[in-house]
Amino acid sequence: MNTLSALREKIRGPLASIRTWVVAAAVCMTGALVTLPAEAAPPKMDNASCQDCHNGKKGKLEAKNADGEKRELFIIENEKFRKGVHAKMECVACHTEIVDSKANHKIDAKAKKPDCASCHEDLWAKAKKDGKAKEKARLGTVVENVDAYKKSFHAKENQDDETKVNATCTQCHNTHTFDIPAKGTEERKEWRQNEPSACGKSCHEDQFDEFEGSIHGDKLLNEGETKAATCSDCHTAHSVGNTSAVTFKQKVLETCGDCHDDQFKSYERTQHGKLATHAGGNTVRCMDCHGSHGIFLVTKLKDPRKMVAQDNKMCISCHTSDKKFEKYAPMKTGGKAGEKIERPDLDEQHKWLPNTKLHWKSVRCIDCHTSAKADMSHEILGEKKAERMCVTCHTKDSQLATRLYRHLADEEKQKFGFANSVILSNSYVIGATRHPLLDTLIIAMAALTFLGVLGHGLIRYLGAKKRRNNAK
């Protein structure tokens, strides 16, 4: 018994020491856990976290591009983003190269860059596979637009920088706020009005400047007439092609006719319109005379001499040039394959007309070569049907009053009165025209006559007075 107790005491001593050490260790560990702060969880990479920095409220954000140069990042407005078609997507679904949520993000150089085209194509393929093609028909339209873009001029390699294409989706579409309004809405009208600015101010500045000053630009941008022509009406939105191609010119011709129906029908009846079936479809079309973006209008020139110079330059430049005429000429009837008619000599055709060159400076070709019955005829008449009677113009009831000079009617009435503007007009009428030099001479003669009468009366008065004084 004593031996057992002694053994127990002998074991209890070391165990007590171990127990003491264990308890002390536990207390220390507990203190450490209480004292040391827990490691912070990494910030989330959700949309709210992204927009907290990228909404512009914290100032300008910049990042380095591939060349090491700083570039300003897009500002993503929360409200516009929520209304966009991509609002339900996570930012990192496209920006897969972002691997952390810290400022100056760590970038995965091997990550695939955002690609609008392949993303929409994959989504459409999945929708068809899942039997949801009808439900997501809009997605199919987007893929059709992608296909059209891939074949367009915009998708071709840029001549100045081979690493880039001419234009990408994001240069026209803001991917973060992308939302094309429904047709017929006020938002759609605003969207349509902004289209020329999107095309012009980023790439096509010269064309935008011309368009802005044109009748189309004035109607759309200044008067808010959203039915007026804009870029995509002629160039389309995604199938932007070669503007020198015959197919493009023919399509634009038809587009013009959608609005200018009467002019288009009269054009179709003319020799120019009939040429569309010859020479591979190459012919004189709307833009050849009116310009592509500036849309030349005689009403803007005011001065008849400028009107004549502008319009006749277009006609004469082709009809005096073998090279230009050959481009638009029809095939020769009964001639060899590919043989075109030769350009008639313009002087020979007009040898019956006295002072031909003077006429070309004073009246427009179309004043004789279009029907006088139509207000704005585009039906160009040939030499046999064109006006040849001198008295048509050289009379009091000159045809020019309703043609070349009709654009000045209202202004002339206010400036010169009814008699001069309407009865005499500003027409080329023998004995009745208001030639500026003649006007000056007549005014001078009237002034001299008045001064002569006044001087004569003064001299007689002074002479009579002198005689009375001498008689006294």
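This one's a predicted model, so the numbers in the text were calculated from it and none came from an experiment.

> Hey, could you run me through the overall build of the chain in this one?
Each helix and strand in the chain was counted, giving 23 helices and 2 strands. Across the chain, every contact between residues at least 6 apart in sequence was considered, and the portion connecting residues at least 24 apart equals 50%. As displayed, the chain offers around 34200 Å² of accessible surface, 58% of which is attributable to carbon and sulfur atoms.

> Sorry if this is basic, but what is going on with helix H5 (residues 116-129) here?
Given 3.6 residues to a turn, an α-helix orients residues that are three or four positions apart in the same direction. Between its terminal C-alpha atoms H5 stretches 20 Å, which fits the 20 Å expected from 14 residues at 1.5 Å a residue. Here H5 has its buried residues at Ala117, Ser118, His120, Trp124 and Ala127. Packed against the buried residues of H5 are helix H6 (137-150). Of the residues that open H5, the one with a side-chain oxygen 3.2 Å from the backbone nitrogen of alanine 117 is aspartate 115. Glycine 131 lies just past H5 and shows a positive phi near 75°.

> Just to check I follow, could you spell out the confidence of the model for the chain for this structure?
Where the model shows low pLDDT, its predicted coordinates should not be examined in detail. Averaged over every residue, the pLDDT of the chain is 80; the share at 70 or more is 80%. For residues 30-39, every residue scores under 50 in pLDDT, and the model assigns this stretch 0 contacts once sequence neighbours within four places are set aside.

> Would you mind going over empty space enclosed by the protein with me for this structure?
A water-sized probe rolled over the atoms picks out the places where empty space is left. Taken as a whole, this structure holds 1 cavity of 30 Å³ or more when the rule is applied. Taken as a whole, the largest cavity holds about 40 Å³ of empty space. Looking at the largest cavity, the residues that line it are His54, Gly56, Gly59, Lys60, Leu61, Leu73, Phe74 and Ile75. Its residues assigned to classes, the lining of the largest cavity shows 4 nonpolar, 3 polar and 1 charged.

> Help me understand the packing of H5 against H6, please; the structure alone is not making it clear to me.
Viewed as axis vectors pointing N to C, H5 and H6 meet at an angle of 140°, and their least axial separation amounts to 9 Å. The angle between H5 and H6 places the two elements in the oblique class. Every pair of crossing elements has a handedness; the one defined by H5 and H6 is left-handed. Contacts between H5 and H6 involve Ala117, His120, Glu121, Leu123 and Trp124 from the former and Leu139, Gly140, Val142, Val143, Val146, Asp147 and Lys150 from the latter.

> Explanation requested: a negative patch on the surface in the structure shown.
Negative charge collects at one region of the surface, where Glu205, Asp206, Asp209, Glu210 and Glu212 lie side by side. Relative to the elements of secondary structure, aspartate 209 occurs in helix H10 (residues 205-212). Residue class for aspartate 209 comes out partly exposed when judged on its relative accessible area of 49%.

> What should I look at first to understand unusual backbone geometry in this one?
Both trends apply: most residues other than glycine have a negative phi, and most peptide bonds are in trans. In this model, threonine 236 sits at a positive phi of 65°, which is unusual for a non-glycine residue. With respect to the secondary-structure elements, threonine 236 resides in the loop between helix H12 (231-235) and helix H13 (246-259). Under the relative-accessibility criterion, threonine 236 is labelled partly exposed at 32%. Phi at asparagine 355 takes a positive value of approximately 50°, unusual for a residue other than glycine.

> In this structure, what is going on with the state of the cysteines? I would like to understand it.
As used in these notes, a disulfide is a covalent bond between sulfur atoms, one from each of two cysteines. Evaluation of the coordinates by the stated rule reveals 0 disulfides. Cysteine cysteine 231 remains unbridged, with the sulfur of cysteine 199 as its closest cysteine sulfur at 3.9 Å. With a relative accessible area of 21%, cysteine 231 lands in the partly exposed category. Note on cysteine 289: no disulfide assigned, nearest cysteine sulfur contributed by cysteine 315 at a separation of 6.3 Å.

> Please explain a nonpolar patch on the surface as it appears in this structure.
Together, Leu448, Phe450, Leu451 and Leu454 give the surface a local cluster of nonpolar side chains, amounting to about 460 Å² of exposed area. Inspection of the secondary structure puts leucine 454 in helix H23 (residues 436-471).

> Just checking my understanding: could you explain a positive patch on the surface for this structure?
On the surface, Arg460, Lys465, Arg467 and Arg468 cluster together into a patch of positive charge. If you trace the backbone, arginine 467 turns up in helix H23.

> Just checking my understanding: could you explain the environment of glutamine 349 for this structure?
Relative to the helices and strands, glutamine 349 resides in helix H19 (residues 346-349). By relative accessible area, glutamine 349 is classed as partly exposed at 25%. For the pair glutamine 349 and glutamate 383, spaced 34 residues apart in the sequence, the C-alpha separation amounts to 7.8 Å. Excluding its chain neighbours within four sequence positions, the residues that come into contact with glutamine 349 are Pro344 and Glu383.

> Teacher, can you tell me more about the packing of H13 against helix H14 (residues 261-269) here?
The relative placement of two packed helices is expressed as an angle between their axes plus a distance between the axes. One can describe the packing of H13 onto H14 by two numbers: an axis separation of 5 Å at closest approach and a directional angle of 130°. Between H13 and H14, the angle falls in the class oblique. Where H13 abuts H14, its residues Leu253, Gly257 and Cys259 lie against Asp261, Phe264 and Tyr267. Here the contact of H13 with H14 is built from residues that sort into 4 nonpolar, 1 polar and 1 charged.

> How do you make sense of the environment of histidine 54 when you look at a structure like this?
Within the element layout of this structure, histidine 54 appears in helix H2 (residues 47-54). C-alpha separation for the pair histidine 54 and leucine 73, spaced 19 residues apart in sequence, amounts to 8.2 Å.

> What exactly am I supposed to notice about the pattern of salt bridges here?
Note that side chains of opposite charge can pair when their charged atoms are close. Summed over all chains, the structure comprises 16 salt bridges. Between arginine 269 and glutamate 379 there is a salt bridge; the shortest N-O distance is 3.2 Å. You can see arginine 269 sitting in helix H14 and its partner glutamate 379 sitting in the loop between helix H21 (365-369) and helix H22 (409-424), a full 110 residues away along the chain. Residue classification places glutamate 379 among the partly exposed residues on the basis of a relative accessible area of 22%. The shortest N-O distance in the salt bridge between arginine 364 and aspartate 311 comes to 3.3 Å.

What counts as what
Residue numbering note: each chain is counted from 1, following its sequence as written. Since the coordinates come from a predicted model, pLDDT governs what is reported: local features require at least 70, and pairs of side-chain atoms require 80 or more to be given and counted, while whole-chain, interface and lining totals use all residues. Computation of side-chain values: all heavy atoms of the structure, hydrogens and water removed. Helix numbering and strand numbering both begin at the N terminus, where a helix is a DSSP run of H or I of at least 4 residues and a strand a DSSP run of E of at least 2. When checking whether two residues touch, look at their non-hydrogen atoms; a contact exists if any pair is within 4.5 Å. Note on areas: Shrake-Rupley with a 1.4 Å probe; residue coverage comes only from the protein chains shown. A helix is expected to span 1.5 Å for every residue after the first. Each residue gets one of three labels from its accessible area relative to the maximum for its type: buried under 20%, exposed over 50%, partly exposed in between, using a 1.4 Å probe on protein chains only. Polar contacts, as used here, are pairs of N or O atoms within 3.5 Å; protein pairs need one atom able to donate a hydrogen and one able to accept it. Residues neighboring in sequence count only if both atoms are side-chain atoms. Here pLDDT means the predictor's own confidence in every residue, given as a number from 0 to 100. With a 1 Å grid laid over protein atoms only, a set of points is called a cavity when a 1.4 Å probe fits there but cannot get out and a pocket when it is open yet has protein on both sides within 12 Å along at least five of seven lines; lining residues have an atom within 4 Å of a point. Grid points are joined across faces, edges and corners, and a volume is the space filled by probe spheres set on the points. Here the nonpolar group is Ala, Val, Leu, Ile, Met, Phe, Trp, Tyr, Cys and Pro; Asp, Glu, Lys and Arg are the charged ones; every other residue, Gly included, is treated as polar. Fitted lines through C-alpha atoms give the axes, limited to the stretch in contact for helices. The angle between two N-to-C directions lies from 0 to 180 degrees. To sort the angles, those under 35 degrees are grouped as roughly parallel, those over 145 as roughly antiparallel, those from 65 to 115 as roughly perpendicular, and the leftovers as oblique. Crossings are assigned a handedness: left-handed for a near helix turned anticlockwise from the far helix by less than a right angle, right-handed for a clockwise turn. Note that patches include only residues with greater than 30% relative accessible area and no salt bridge, and the join distances are 9 Å for like charges and 5 Å for nonpolar side chains (Val, Leu, Ile, Met, Phe, Trp, Tyr). Here, a salt bridge means any Lys or Arg side-chain nitrogen found within 4 Å of an Asp or Glu carboxyl oxygen. Counted charges follow a simple rule, with Lys and Arg positive, Asp and Glu negative, and His plus the chain ends left uncounted. Taken as the charge location is NZ of Lys, CZ of Arg, CG of Asp or CD of Glu. Note on terminology: pairs of cysteine sulfur atoms within 2.5 Å are recorded as disulfides.

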